[in-house]
Each structure stands twice: as C-alpha cells, then as structure tokens.
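# Structural description and commentary
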Amino acid sequence: MAATRDFLESCWKACWHRARRPVEGVVVPQEQASRIAERVLRNLVRDDPPPRSRFLAEALEECTRASLGLVARERREASDPQRHRDSADQRYPANLDLDRLQRQDPERGFHDREWDRLPALLRPLAFAQLSRRGIAASDAEDVFLETLAEFARERVRDGRAPITDLTVFEEIVPLQSRMLQFRAIDWIRRRATLKNQPNTGESFDALVDDPDRPVQFADPASDGTPSFEEIYRHCREALEPAEWDLLVQLYIARSATIQDLIEDPEFCATLELKPGASASTRRRAVNARLETALSKLRKCLSP
C-alpha cells in the first residue's frame, strides 16, 4: 500500500509538471495545472489499474492533451495568441495566430496573410539548426523553404497537412526541427551522390508518406528527445512488465532507489532470490535486471 501511495504521489508530481508546461514556451497557471492533473489521475485510477508504466504513460499523454486543449481554447475565446505564453521564452518575439494558419480554403488552400509572417519568425531557428549540419547560405535557404512548404502539403496517407496537427503555436518549433532533420539528411545525401554514388537511404518524402510506418513530426519535445509516453508506445512489447516497472520506479516516477528495492522483500521475491540472500547478491540481481531492461530499450530505439 505504501509503495502504491508513493507511486501515485510521484505520478501526481509528474502530471502536474506536464500539465503546467505541456510544451516548451507554454506555461499554465498552477491552479489550472493542479485541476488537470487531479482530473486525469482520477479518471485513470480504476479497480483494476494497468501496469505502472502504462498508467504513467497514459497519464502524461492525457495531461499534455488536456493542457494544450485548455490553452488553445482560452486563446481562441480571448482572441489572444499570447495567452499562457512563457514570457521567458526568447526563441522568437511572439506567437502567430494558429487558427489563421490552419484556415484552409477548398480551392486556394492555406492562403491567410498570417503565413506571410511565418518565414521571418522561423528562419533564424532553422538557419541555426542547419548550420550545425554544415548547411549555410543559399543551401540553407533552399532547405528552409522546402520545409516551410511541407507544413501545408497534404500527406498521402491521411490527406492532412502537418500544420493542422498542432494544438498550440509553440508546437511549430519542434515540428520544424524534426522536419529539418530529415530535409538536412536529404540534402547531405544528394551532395554525397554528386561526389560518389547514389545513396539508397530513404528520403524525407518516403518517411512521411510510407503507409506502413509513417514518421510523425508533431513532437512535443523541441530538442527532438522523445517523451516517456512516446518511448513506451514505441517499445512497449520489447520489455517485460516487470522491466517497465523497474524503469518507471527508478527513472520516471522516481518512487524508489536501488537501495529501496534491495530492501523490499516483495520485489526481491520477483528476482527469484533465495531467502536470506546477502545485500550484495540482491544488488547484483537488481542491477542485472536493470541492465537487461536498458539494453532492450537501447536496441529498440536504435535507428
């Protein structure tokens, strides 16, 4: 019971922080974040709750969705794209109106004048990212413009443009970052082709439109680092439930340390240790299971 209570307290903290800052550049007031976290956890706590890893992944995902939905709704009602924007975020001067960017005419497509303001806002961020790849000047401009056009290009698999996937404007920065990664790879491969031989790697368009494994670009992490719920969704079948539980306790919920685990008779019993096993034996067993879990995760996440 104490372990469950500790886990739920850790979940509450993680959910509160996610609801308060669902994406970089957005800050929700503490009271509203508390209500979101409480509502999400109450909805997920059931008589037969899922494993801790899935419970936490679902809770964080729902908190993100609810928080972003709240911000979008309040911005729309107040006609204020800057509402809940983090004043400390200096990546660009101000948000654009996402509703206007997403407005689409059946014949003219995305034609709102808000699109005219988008290049100047995103270009510095794009050029800084491309320069780290060794792409500059006119080449960087070409890659940037290709990416900008991609925001409005409908995908083959679902007929939707990436710009319509966003809930708040701040998500456009990680969206661009992910797209630029693949566009930059395409550029480097094309350059290598001219010097050497055709590269057989997959292009940006293939990654986007492949119906069997399409790449999703609306990533909430602006630095490209996947969130826990994304990792869990991608690697769920790669690890045993007990291995997920171990990772969640140690690294995600942080509801226990290795020392706590080796002193927990119930947990040690899951390691099939003989009664009375020494502390060093228990520690080796915990570390072995942890290394196995991390190895599986590394293999699953490897490109």
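Residues numbered from 1 in each chain as written. Predicted model: local features only at pLDDT ≥ 70, side-chain atom pairs only at ≥ 80, totals over all residues. Heavy atoms only, no water.

### Considerations on the overall build of the chain
- Across its full length, the chain carries 13 helices and zero strands.
- Beginning at the N terminus, the succession of helices and strands in the chain can be written as α-α-α-α-α-α-α-α-α-α-α-α-α.
- The buried share of the chain, taken over its 303 residues, is 43%.
- A total of about 16900 Å² of accessible surface is found on the chain, and carbon and sulfur atoms cover 50% of it. (Helix = DSSP H or I, 4+ residues; strand = E, 2+ residues; numbered from the N terminus. Buried < 20%, exposed > 50% of the residue type's maximum accessible area, 1.4 Å probe, protein only. Areas by Shrake-Rupley, 256 points an atom, 1.4 Å probe, with all protein chains shown as cover.)

### Points about the packing of aromatic side chains
- Applying the stated criterion across every chain yields a total of seven aromatic pairs.
- Geometrically, the ring pair formed by F127 and F144 is edge-to-face, given 6.5 Å between the ring centres and 75° between the ring planes. Residue F127 is located in helix α5 (residues 114-131), and its partner F144 is located in helix α6 (residues 137-151); the two are separated by 17 residues in the primary sequence.
- Summarising the aromatic geometry, the rings of Y232 and W244 are spaced 4.8 Å apart at their centres and angled 70° between planes, so their arrangement reads as edge-to-face. In this pair, Y232 sits in helix α9 (residues 228-235) while W244 sits in helix α10 (residues 241-252), placing the two residues 12 residues apart along the sequence. (Phe/Tyr/Trp six-rings, centres within 6.5 Å; stacked < 30°, edge-to-face > 60°.)

### What about α9?
- Here α9 lies mainly inside the structure; six of its eight residues are buried.
- Regarding α9, the residues found buried are F228, E229, E230, I231, Y232 and C235.

### Observations concerning the pattern of salt bridges
- The tally for this structure, following the rule as stated, stands at 25 salt bridges.
- A single salt-bridge network, built from bridges that share partners, covers R100, R103, D112, E114 and R117. (Salt bridge = Lys/Arg side-chain N within 4 Å of Asp/Glu carboxyl O.)

### Regarding the packing of helix α2 (residues 30-44) against helix α3 (residues 52-78)
- Interhelical geometry of α2 versus α3 gives an angle of 140° and a closest axis separation of 9 Å. With respect to α3, the axis of α2 lies oblique. Like other packed secondary-structure pairs, α2 and α3 cross with a definite hand, here right-handed. Contacts between α2 and α3 involve Q32, I36, A37, R39, V40, L41 and L44 from the first element and F55, E58, A59, E62, C63, A66, S67, L70 and E74 from the second. (Axes fitted to C-alpha atoms, helices over the stretch in contact; angles between N-to-C directions. Parallel < 35°, antiparallel > 145°, perpendicular 65-115°, else oblique. Left-handed = near helix turned anticlockwise from the far one by under 90°. Contact = heavy atoms within 4.5 Å.)

### Looking at helix α13 (residues 279-301)
- Between the first and last C-alpha of α13 there are 33 Å, a value that for 23 residues agrees with the 33 Å anticipated at 1.5 Å per step.
- Turning to α13, its buried residues are V286, R289, L290, A293 and L297.
- For α13, the elements touching its buried residues are α9, α10, α11 (258-262) and α12 (265-270). (Expected span 1.5 Å × (residues − 1).)

### Here we look at unusual backbone geometry
- Phi is positive for H84, which is not a glycine, with a value near 70°.
- One can find H84 in the loop between α3 and α4 (98-102).
- One non-glycine residue, A137, lies in positive phi territory at about 55°.
- Along the chain, A137 turns up in helix α6.
- A relative accessible area of 58% means that A137 is categorised as exposed.

### Observations regarding the confidence of the model for the chain
- Per-residue confidence for the chain gives a mean pLDDT of 85, with 87% of residues at or over 70.
- Mean pLDDT values over the elements of the chain span from 50, in helix α8 (residues 204-209), up to 97, in α4.
- Contacts from residues 211-223, a stretch scored under 50 in pLDDT, to residues over four places away or in other chains number 34 contacts. (pLDDT = per-residue confidence, 0-100.)

### Section: the environment of L239
- Summarising the element assignment, L239 is placed in the loop between α9 and α10.
- A relative accessible area of 6% means that L239 is categorised as buried.
- Spatially, the C-alpha atom of L239 lies 9.8 Å from that of S295, the residues being 56 residues apart in sequence.
- Sequence-distant contacts of L239, that is, excluding residues within four places in its chain, are made with W244, L247, A293, K296 and L297.

### Looking at the nonpolar core
- In this structure, F228 and W244 are the most contacted members of the largest nonpolar core, which totals 46 residues.
- For this core, the secondary structure elements donating two or more residues are α1 (2-20), α2, α3, α9, α10, α11 and α13.
- Sorting elements by how many residues they give to this core places α3 first, with 11 residues.
- For F228, the contacting residues outside a window of four places in its chain are S53, L56, A57, L60, W244, V248 and I252.
- Membership of the second largest hydrophobic core comes to 28 residues, among which are L130, I163, I172 and W187. (Core = buried A, V, L, I, M, F, W, Y, C linked by side-chain atoms within 4.5 Å.)

### Here's the deal with the environment of P22
- As for its placement among the helices and strands, P22 is situated in the loop between α1 and α2.
- A relative accessible area of 4% places P22 in the buried class.
- Residues P22 and R65 lie 43 residues apart in sequence; the distance between their C-alpha atoms is 8.1 Å.

### Brief notes about the packing of α5 against α6
- One way to put it is that α5 packs onto α6 with a least axis distance of 10 Å and a crossing angle of 130°. One way to sum up the angle between α5 and α6 is to call them oblique. Crossing handedness for the pair α5 and α6: right-handed. Across the interface between the two elements, W115, L118, P119, L122, R123, A126, F127 and L130 of α5 pack against A137, A140, E141, V143, F144, L145, L148 and F151 of α6.
- A per-class count over the contact of α5 with α6 returns 14 nonpolar, no polar and two charged. (Nonpolar A, V, L, I, M, F, W, Y, C, P; charged D, E, K, R; others polar.)

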